[in-house]
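Observations on chain architecture
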Amino acid sequence: MKAYCQANKVDEVLRLFHEMIESQCKPNIICFNTVLNSLVTATRFSEAGSLLDSMVSLELNPNISTFNILVKAYSCCSDQFDSAYMVIEDWMVNSGVSPDVTTFSTLISGLCKGGRICEAHGVLNRMLKEKVGPNIFTFTPILHALYGKRMIKEGSCLIGFMLKWGCPLNTVVYNILIDGLCKNSDFDRVKIMLERSTSIGWKPNSISYNIYMNGLCKVGRVMDAFGLLEVMKKDGLSPTSFTVNILLDCLCQASMVDEAKNLLGQSSWLKWEVDTVSYNTLMSRYSSTRDWKAVLKLFAAMLKKGLEPNSRTYNIVINCLCIAGELMYAKSLICKGWFRADLVTYNILIDAFYRSRNTVQVQDLYERMKQEKIAEDVYTVTVKINNLCKAGEPSEASKFLFELMKMGFTPDLVTYSALIDGLAKHGKLRDKFFSSIGRQNREITGSSGQAVNAGELVFVSNKYISISQNNGDFIW
DNA sequence: GTAGGGTTAG
C-alpha cells in the first residue's frame, strides 16, 4: 500500500485495503494511517473522514502519525489552518499526544505554501520556546518561501541561524538557493555555486541541474539549457525524466514543437527516459494551437508505448475533443471510470457547453460537480462571467460576481478582465478617471460627482478598479 | 505510517 501511495495510485491502495478486510485480515493503525495519508495526498477529504470514523469505531486510537497526517490535510493539502490548529490544540491535547517536530514542520510547510511566512516564523519560535528542536525539515519550507518571494536578506539570516543551531546545509537547501537565484535571473551566481560545490562541501544532484535548466528555459535560453546536459554528464549525472520533460517544455515554449516531437521520437535511441508527463507536455502544446489531430495521434502513441494516461492526459484529450466539436463524446468520458474527473475536467466541459449555448448540459455538469463534492474555483466563476457577458448579460455577470465577493470570494485578474471586456462591449463601462485614488477594502467616492449605476465598472486609476454597489458608492 | 527541493492539463 505504501508503494502504491508513493506512486500516487490511491485507488490501488484502497483496492488492497478492501481486499485485506474481505480476507479477514484485521488492519492495524499503520494500515489505517497509510490509507489515510494516500487519501489526504489525493485531496479526497470526505473519504479520509469516513476512514477516520471507521478507525475510531474499531477502537483504534489515532496516534502521533495519524494526527500529523491530519495536520498535513488541513495545512498542506488545503488551507484550513484553523482546523490544523484545532487538531494540535484540542484533539491532540485531549488524547494526551504531544506535537513533535514533524507536527510543527508539517504545519510550517502548509503555512509557507499558503504564503503565511510570518505565521510560520511564529510556529518556529513556539518550537524553540516549547523545546521541540527544529531540524532541516522545519527550516527548508521557510527558506523556500523566502527565496521564492525574493526575500534574500531574510533567507540568509535564517541560514545563519541554522548553522548556529547546528543544522548543516544539505543539497535540498542548496537547490532552494539555486531556484531563488534562477528566479532572479542571477545565472552567473548559480554557475559559481555549482562550480564551488565540492569545496563548500555539498554535491549537486540531478534536481540541482533540473532547477537550473528550468530557470534558463523560462527566460528563453534554450541552447544554454541544452548545454547543461554535458556539464551534468561530467558531474556523473544522467538526465532523468524530469530533465527531459523540462527540455521538452522549453522547446514547446520557444515554439519549437517539431524539435520537441523529434526529441520525443529519438528518446529510446538516446536512452532517455520519457513518461506520461513527456507526452502530456507535447499534447498540451498541440492543444493550445488547437491541433486536435496531433493531440489524438500522440495519445494513441502513448497508449501503444504502454504509458498510463493520468487525469491531466484525459483533461488535455477532453479539451481537444471539445475543440473538435465532439462535446457529448468528451462528456461521456467522465462516466467511463478510466480516470477521476476533477475540477479542471468540469471547467473545460462547462466552458465548452456554455460556448455552444447548451445550458441544459451546463446545469447537468454543475449538478455532477455538487454530487462529487468538487468545489468551484476562480476559474469556474470566470467561465460563467465570460459566458454571461457573451450572452449579452454583462450586468447579470457583474451582479453575480458582486454577490460572490460579499461571501468572501476573491476574483483574479482574468475575472476582472472578462468582466471589463463584457461591460465595455455593451457600452456599460465608464472609463472616467477620478482624482481621488482609493485603496482596496476601503470605500471611496468619485470626485467627479457623477452617479454610477449598479453593474457598471469604474476605473479609479490605472491600477484600481471598482464596481458600484449603489448609485454613487464604490467598493474597493 | 507523518515533514523539505525540479516537469505537464482548464
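What you see is a predicted model, and the numbers here were worked out from it, not measured in a lab.

Digging into the overall build of chain A
The secondary structure content of chain A amounts to 27 helices and 4 strands. Relative to its full complement of 476 residues, chain A shows a buried share of 46%. Sequence separation of 24 or more characterises 57% of the internal contacts of chain A that already satisfy a separation of 6 or more. Working note: accessible area of chain A is about 25900 Å², and carbon and sulfur atoms make up 53% of it.

A look at the protein's contact with DNA strand B
Around DNA strand B, 51 residues are found, and the nearest of them are Lys2, Asn63, Asn175, Asn210 and Asn347. Thr34 places a side-chain nitrogen or oxygen 3.5 Å from a sugar or linking oxygen of DNA strand B. Side-chain polar atom of Asn68 to a base oxygen of DNA strand B: 2.3 Å apart, as the coordinates give it. Residue composition of the surface near DNA strand B, by class: 17 nonpolar, 27 polar and 7 charged.

Observations concerning helix α9 (residues 136-148)
Its 13 residues give α9 an end-to-end C-alpha distance of 18 Å, which sits within 8% of 18 Å, the value for a rise of 1.5 Å per residue. Counting buried residues along α9, 10 of its 13 residues qualify, which places the element largely inside the surrounding structure. Buried-residue contacts for α9 involve α7 (101-113), α8 (117-129), α10 (152-165) and α11 (171-183). Put simply, Asn135 is the residue that caps the front of α9, since its side-chain oxygen is 2.9 Å from the backbone nitrogen of Phe137.

What about the environment of Leu237?
Residue position: Leu237 is located in the loop between α15 (222-234) and α16 (241-253). When the C-alpha atoms of Leu237 and Phe139 are compared, they prove to be 27 Å apart, with 98 residues separating the residues in sequence. The residues touching Leu237, leaving out its near neighbours within four places in the chain, are Pro204, Asn205, Ser206, Tyr209 and Met232.

Topic: the pattern of salt bridges
Per the stated rule, a full pass over the model turns up 18 salt bridges. A salt bridge links Arg15 to Glu12; the nearest nitrogen and oxygen atoms lie 2.9 Å apart. Note that Arg15 and Glu12 are positioned in helix α2 (residues 10-22) at a spacing of 3 residues, about one turn of the helix. A residue is classified by how much of its surface remains accessible, and Arg15, at 40% relative accessible area, is partly exposed. When its relative accessible area of 25% is taken as the criterion, Glu12 is described as partly exposed. With a closest N to O distance of 3.8 Å, Lys191 and Glu195 form a salt bridge. Placement of both Lys191 and Glu195 in helix α12 (residues 187-195) is noted, with a separation of 4 residues, approximately one turn of the helix. Accessibility expressed as a relative area gives 46% for Lys191, which makes it partly exposed.

Re the packing of α12 against helix α14 (residues 206-218)
For the pair α12 and α14, interaxial distance at closest approach is 11 Å and the crossing angle is 165 degrees. The angle between the axes of α12 and α14 places the two elements in the roughly antiparallel class. Considering how the two elements wind past one another, α12 and α14 form a crossing that is left-handed. Between α12 and α14, the residues in contact are Phe187, Val190, Lys191 and Leu194 and Ser208, Tyr209, Tyr212, Gly215 and Leu216, respectively. In terms of residue class, the contact of α12 with α14 is built from 6 nonpolar, 2 polar and 1 charged.

So, the state of the cysteines
Here the structure, examined in full by the defined rule, presents 0 disulfides. Cys76 supplies the cysteine sulfur nearest to Cys77, a cysteine that is in no disulfide, at a spacing of 6.0 Å. Just so you know, Cys322 is unpaired, no disulfide at all, and the nearest cysteine sulfur is the one on Cys320, 8.8 Å from it. Given the relative accessible area of 13%, Cys322 is considered buried.

Brief notes about the environment of Leu107
Within the fold, Leu107 resides in helix α7. Ignoring sequence-local partners within four residues, the contact set of Leu107 consists of Val71, Ser75, Ala84, Tyr85, Ile88 and Val123.

Details of the nonpolar core
Grouped together as the largest cluster of nonpolar side chains are 124 residues, with contacts concentrated most on Ile142, Met283, Ile318 and Ile350. Not counting the four nearest positions on each side in its chain, Met283 is found in contact with Val295, Leu298, Phe299, Met302, Thr313, Ile316 and Val317. In terms of nonpolar packing, the next biggest core, distinct from the first, is built from 15 residues, Leu388, Leu401, Met405 and Ile420 among them.

Focus on helix α23 (residues 343-355)
Between the first and last C-alpha of α23 there are 18 Å, a value that for 13 residues agrees with the 18 Å anticipated at 1.5 Å per step. Judged by how many residues are buried, α23 sits mostly within the fold: 10 of 13 residues are covered. Looking only at α23, the buried set comprises Thr345, Tyr346, Asn347, Ile348, Leu349, Ile350, Asp351, Ala352, Phe353 and Tyr354. The secondary structure elements touched by the buried residues of α23 are α21 (311-323), α22 (327-332), α24 (359-371) and α25 (378-390). For α23, the N-terminal capping position is held by Asp342, with its side-chain oxygen 3.2 Å away from the main-chain nitrogen of Val344. Positive backbone phi, approximately 55 degrees, marks Arg357, located one or two places after α23.

Things to note about unusual backbone geometry
Even without a glycine there, the phi angle at Lys131 is positive, about 60 degrees. At Arg150, a position not held by glycine, the phi torsion is positive, near 60 degrees. For Arg150, a relative accessible area of 42% translates into the label partly exposed.

Remarks on the confidence of the model for chain A
In the predicted model, chain A carries a mean pLDDT of 88, and the fraction of residues at 70 or more is 90%. Predicted confidence is poor over residues 460-464, with pLDDT under 50, and the contacts of this stretch with residues over four places away or in other chains come to 15 contacts. Below a pLDDT of 50 lies the segment residues 468-476, which in the model reaches 37 contacts outside its immediate sequence neighbourhood of four places, other chains included.

Focus: the packing of aromatic side chains
Inspection of every chain in the model, using the stated rule, returns 8 aromatic pairs. Seen from their ring centres, Tyr174 and Trp202 are 4.5 Å apart, and the 5 degrees between their planes marks the pair as stacked. With Tyr174 in helix α11 and Trp202 in the loop between α13 (197-200) and α14, this pair connects stretches of sequence that are 28 residues apart. The two residues Tyr174 and Trp202 agree in class, both being buried. Judged by centre distance (6.4 Å) and plane angle (35 degrees), the rings of Tyr314 and Trp338 are tilted. Of this pair, Tyr314 sits in helix α21 while Trp338 sits in the loop between α22 and α23; the two residues are 24 residues apart in sequence, bridging distant segments of the chain. For Tyr314, a relative accessible area of 9% gives the class buried. Pairwise contacts between aromatic rings join Phe299, Tyr314, Trp338 and Phe339 into one cluster.

The rules behind these values
Residues numbered from 1 in each chain as written. Chains lettered and ligands numbered in written order. Predicted model: local features only at pLDDT ≥ 70, side-chain atom pairs only at ≥ 80, totals over all residues. Heavy atoms only, no water. Helix = DSSP H or I, 4+ residues; strand = E, 2+ residues; numbered from the N terminus. Buried < 20%, exposed > 50% of the residue type's maximum accessible area, 1.4 Å probe, protein only. Contact = heavy atoms within 4.5 Å. Areas by Shrake-Rupley, 256 points an atom, 1.4 Å probe, with all protein chains shown as cover. Near = heavy atom within 4 Å. Polar contact = N/O pair within 3.5 Å; in protein donor to acceptor, adjacent residues only side chain to side chain. Nonpolar A, V, L, I, M, F, W, Y, C, P; charged D, E, K, R; others polar. Expected span 1.5 Å × (residues − 1). Salt bridge = Lys/Arg side-chain N within 4 Å of Asp/Glu carboxyl O. Axes fitted to C-alpha atoms, helices over the stretch in contact; angles between N-to-C directions. Parallel < 35°, antiparallel > 145°, perpendicular 65-115°, else oblique. Left-handed = near helix turned anticlockwise from the far one by under 90°. Disulfide = S-S within 2.5 Å. Core = buried A, V, L, I, M, F, W, Y, C linked by side-chain atoms within 4.5 Å. pLDDT = per-residue confidence, 0-100. Phe/Tyr/Trp six-rings, centres within 6.5 Å; stacked < 30°, edge-to-face > 60°.

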